[in-house]
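# Understanding the architecture of this molecule
For reference, the chains in residue letters:
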Amino acid sequence: MADKPADPGHALLMAVGLEVHYGGIAAVQGISLAIEEGEMVCLIGANGAGKTSTLKALARMIPSSGEIHYRKERLDRLPSHLLIGKGMALVPEGRGIFARLTVAENLAMGAYHRSDKADIAADLAHVYGLLPRLKERAEQVAGTLSGGEQQMLAIGRALMGRPQLLLLDEPSMGLAPLMVDKVFEVIRAVAAEGVTIFLVEQNARLALQTCARGYVMESGRITLADSADKLLADPRVRAAYLGE
Amino acid sequence: MNRKILGFVLIGVALLILPHVLTQVGTAWVRIANLAILFIFLSLGLNIVVGMAGLLDLGYVAFYAVGAYLWALLASPHFGLHLPFWIILPLGALLACIAGAVLGAPCLRLRGDYLAIVTLGFGEIVRIFMNNLSTPFNITNGPKGITGIDDVSIGSISFATTDSFFGIPFTGPVKYYYMLLALLLLIIIVNLRLQNSRIGRAWVAIREDEIAAKAAGINTWNVKLLAFAMGASFGGIAGGMFAAMQGFISPESFVLHESIIIVAMVVLGGMGNVWGVIAGALLLSFVPEILRYTVEPVQMALFGRQLVEPEVLRMLLFGAALVLTMRFRPAGIWPESRHRREMSEARGAGA
């Protein structure tokens, strides 16, 4: 491991030697990755490979060692609640919506750290424009939405923090195929607006078709890192994750 | 709107004349009403922690004890101190608040069942402390408790004696009733404001999903600690008033059973909703007392002799009432509106 902190260069988010331990078990074993502004990058891998642990560590939700840089700033000593204010939003695994609040209240919570009322109202209109389904259901309790709508809500709530970087944890999980397509359409639309996307996904094919670049994770280590096209063509990836 | 105002006025008038009506039935009922109001304080305090922030606290009675002991030590012959209530009461709220933060800080990393067990332990630790702080320095007088605690007195009006105003007799318990009613009004207003505040929304967010709350920028540690501290301060106020009204306290008054009753009031009434919690506290305060006075005469009239001990039957009916409420109104008697909304929509969607 480097003695001096690594130079993030022009990366938006960079991790160096990131490790996560649960008790004696090393879930993430010293991985490094870098994401540049405006990119769409995915992290794929099997169940238990350490993908969610990596994302949670980057979002400072779980203790980790190693360096995390965001815009030349060290994140690895910051508490998680400050990240949204720096432009980093997490859409957690299992969506994590506030089930007993309405859709509108959920979205309002996404702007909890902000006080610029006019801008918040503008962002809300923007989110409703992007996700019209949420507008129809604004007064409905979030727990009664379908899985896909809940995922849209989780993304909408994250956008209410006006992020530059969106971390998404398994957005396709538990959704019907048709809904998965819709969710990924939304993710592409968000990316088209200039938001950098880092996506953790078990659905390797979909993730690689959506993103420009990907990392492959196996037992806590990154084993492959390349452009999405090359990964899609790689025989190891095809055998292990694309079922060919 | 006008009907709403009229309703509030009528309830207000009824509450104002209530103690005089109860005095006609027996002064004991005024005392029961006073204790019921104290339990509303406690339930509203615990509602912040359990109902709003979703942290199960089974040791809440500890803060009640802190408030009560502070009053007892600062206004009794035990140390020879006789401070006025307007100093002790805010001090009790503050000390309980600090106790809440101190007890809360180490356990807030825990969740659900684990938090419940640790808070239960803290509740017991406080009680055992009170029980044993009689040696080497006698602070709490141990299991014997503290006697001769001062009543409240405002100016020349002592709450220990009966006075007449406008020809109407005001006994000690009636005076306490009015004081508690005024405090209750204040506490309800504070709670309603909290429920709809930024911090109230943060508590609800934490209750629903902690990771998402953090991702939304909520400092969950501070906000949870604040819930503990604010909830505890209500317990401290209730404790102080309890000590003054009873004139005697001992660790016996602050057992685990009390914590559980307060949790039951919050859950039964409707977690998170101020009015529901008040309904729960009133129900669980009055019903057992009503049973206490009716169980024996009813049995005598029906069977000519007493078949079941009043105390046994009382707890049996009490338990049955709890089970039935949970069976038919699982979200509480008067649930928080969002909870109710969710339940009814779920039902509508299923149909």
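The sections below set out a description of the structure shown in this document. (Residues numbered from 1 in each chain as written. Chains lettered and ligands numbered in written order. Predicted model: local features only at pLDDT ≥ 70, side-chain atom pairs only at ≥ 80, totals over all residues. Heavy atoms only, no water.)

### A word on the overall build of chain A
What counts, and what does not: Counting from the N terminus, the helices are DSSP H or I runs at least four residues long and the strands are E runs at least two residues long. For a compact globule the rule gives 2.2 Å times the number of residues to the power 0.38, and the radius of gyration it is set against comes from C-alpha atoms. The cut-offs for exposure are 20% and 50% of the maximum accessible area for each residue type, with area from a 1.4 Å probe on protein chains only; residues under the lower value are buried, those over the upper are exposed, and the others partly exposed. Note on contacts: a residue pair is in contact if any heavy atoms of the two residues lie within 4.5 Å.
Scanning chain A from terminus to terminus reveals 10 helices and 10 strands. Compactness check: chain A gives a C-alpha radius of gyration of 18 Å against a globular reference of 18 Å for 244 residues, within 12% of the reference. Reported as C-alpha extents along the three principal axes, the dimensions of chain A are approximately 50 × 45 × 35 Å. Relative to its 244 residues, chain A shows a buried fraction of 56%. Long-range contacts, defined as pairs at least 24 residues apart, comprise 67% of the intrachain contacts of chain A with a sequence gap of at least 6.

### Side note on the environment of B:Val223
Residue and element names in this part refer to chain B. One can find Val-223 in helix H9 (residues 220–246). The spacing of Val-223 and Met-179 is 44 residues in sequence and 31 Å in space, taken between C-alpha atoms. Sequence-distant contacts of Val-223, that is, excluding residues within four places in its chain, are made with Ile-199, Ala-202, Trp-203, Ile-206 and Ile-218.

### Here we look at the nonpolar core
Applicable threshold: Here, nonpolar core refers to any group of buried Ala, Val, Leu, Ile, Met, Phe, Trp, Tyr and Cys residues whose side-chain atoms link them within 4.5 Å.
Among the nonpolar cores identified, the biggest contains 104 residues, and B:Phe41 and B:Trp71 are the most heavily contacted of them. Sort the elements by how many residues they give to this core and helix H2 (residues 27–52) of chain B lands first, with 16 residues. Dropping the residues within four chain positions of it, B:Phe41 is found in contact with B:Leu180, B:Leu183, B:Leu184, B:Ile187, B:Phe234, B:Ile237 and B:Ala238. By size, the runner-up hydrophobic cluster in this structure holds 52 residues, among which are A:Met40, A:Val127, A:Phe184 and A:Val195.

### Details of the packing of aromatic side chains
Applicable threshold: Whether two aromatic rings pair depends on their centres lying within 6.5 Å, for rings of Phe, Tyr and Trp, where Trp uses its six-membered ring; planes under 30 degrees apart make the pair stacked, over 60 edge-to-face, and the rest tilted. For a Lys NZ or an Arg CZ to count as sitting over a ring, it must be within 6 Å of the ring centre and within 35 degrees of the ring normal.
Across all of its chains, the model carries 9 aromatic pairs over all chains by this definition. Seen in terms of ring centroids, B:Tyr60 and B:Phe63 are 5.8 Å apart; in terms of plane orientation they differ by 75 degrees. Their pairing is edge-to-face. The residues B:Tyr60 and B:Phe63 share a single accessibility class, namely buried. These aromatic residues form a ring-pair network of at least three members: B:Tyr64, B:Tyr69, B:Phe242 and B:Phe254. Note that A:Arg157 overlies the ring of A:Phe98, its terminal NZ or CZ placed 4.7 Å from the centroid. B:Arg327 extends its terminal NZ or CZ atom over the ring of B:Phe328, reaching a point 4.9 Å from the ring centre.

### Describing the sheet that holds strand S5 (residues 73–74) of chain A
Backbone-to-backbone hydrogen bonds join strands into a sheet, with any given pair of strands oriented parallel or antiparallel. Residue and element names in this part refer to chain A. Stated precisely, the cut-off is as follows: In this description, strands pair whenever DSSP reports at least two bridges between them. What counts as an axis is a line fitted to C-alpha atoms, over the stretch in contact for a helix, and the angles between N-to-C directions run from 0 to 180 degrees.
The strand order across the open sheet built from 4 strands is S2-S1-S4-S5, with neighbouring strands paired in antiparallel fashion. With partners counted over all chains shown, the strands left at the sheet margins are strand S2 (25–36) and S5, one partner each. As judged from the 9 bridges shared by strand S1 (residues 11–22) and S2, these two strands associate in the antiparallel manner. Note that in S2 the partner of Val-20 across the bridge is Val-28. Contacts from helix H1 (residues 51–58) reach S1, S2 and strand S4 (65–70), with the element oriented near 120 degrees to S1.

### Digging into the pairing of S1(A)
All names here are of chain A. In terms of burial, S1 is largely enclosed, as 9 of its 12 residues are buried. In this structure, the hairpin formed by S1 and S2 is closed by a connection of 2 residues, where Gly-23 is found at a positive phi of approximately 60 degrees. One ladder, built from 5 bridges, connects S1 with S4; its direction is antiparallel. Across the sheet, the residue bridging to Leu-13 is Tyr-70, located in S4.

### A short note on the environment of A:Ser227
Residues and elements named next belong to chain A. Position of Ser-227 relative to the elements: it lies in strand S10 (residues 221–227). Under the relative-accessibility criterion, Ser-227 is labelled partly exposed at 27%. Note: C-alpha distance between Ser-227 and Gly-214 (13 residues apart in sequence) is 6.1 Å. Leave out the neighbours within four places in its chain, and Ser-227 touches Ala-212 and Arg-213.

### A look at unusual backbone geometry
Residue and element names in this part refer to chain A. In this model, Arg-71 sits at a positive phi of 45 degrees, which is unusual for a non-glycine residue. Mapped onto the elements, Arg-71 comes out in the loop between S4 and S5. The backbone phi angle of Ser-219 is positive, close to 40 degrees, even though this residue is not glycine. Tracing the backbone through its elements, the reader meets Ser-219 in the loop between strand S9 (213–218) and S10.

### Topic: the interface of chain A and chain B
The extent of an interface is frequently quoted as the accessible surface area lost upon association of the parts. Quick reminder of the rule: Summed over both partners, the accessible area lost on bringing two parts together, with a 1.4 Å probe, is the buried area. Salt bridge, as used here: a side-chain nitrogen of Lys or Arg that lies within 4 Å of a carboxyl oxygen of Asp or Glu.
The partner chain B presents 24 residues to the 22 residues of chain A that form the contact. Of the roughly 2,200 Å² buried at the junction of chain A and chain B (both faces included), carbon and sulfur atoms supply 62%. Sorting the residues of chain A by area buried against chain B places A:His81, A:Arg100 and A:Tyr112 first, and these three jointly supply 36% of that buried surface. Here chain A is connected to chain B by 1 salt bridge. When the shortest N-O distance is used, the salt bridge between B:Glu208 and A:Arg100 registers 3.9 Å.

### Things to note about the packing of helix H3 (residues 61–74) of chain B against helix H5 (residues 112–132) of chain B
Working note: a packed helix pair is described by the angle between its axes plus the distance between those axes. Residues and elements named next belong to chain B. As a reminder, the rule being used: Our angle categories are set so that under 35 degrees counts as roughly parallel, over 145 as roughly antiparallel, 65 to 115 as roughly perpendicular, and the remainder as oblique. Side-chain classes follow a simple rule in which Ala, Val, Leu, Ile, Met, Phe, Trp, Tyr, Cys and Pro form the nonpolar group, Asp, Glu, Lys and Arg form the charged group, and the remainder, Gly included, forms the polar group.
It is the contact of H3 with H5, at a shortest axis distance of 8 Å, that shows an interaxial angle of 30 degrees. On the basis of the axis angle, H3 is roughly parallel to H5. Residues Ala-62, Ala-65 and Tyr-69 of H3 lie in contact with H5, whose contacting residues are Gly-123, Val-126 and Met-130. Class assignment of the residues belonging to the contact of H3 with H5 gives a composition of 5 nonpolar, 1 polar and no charged.

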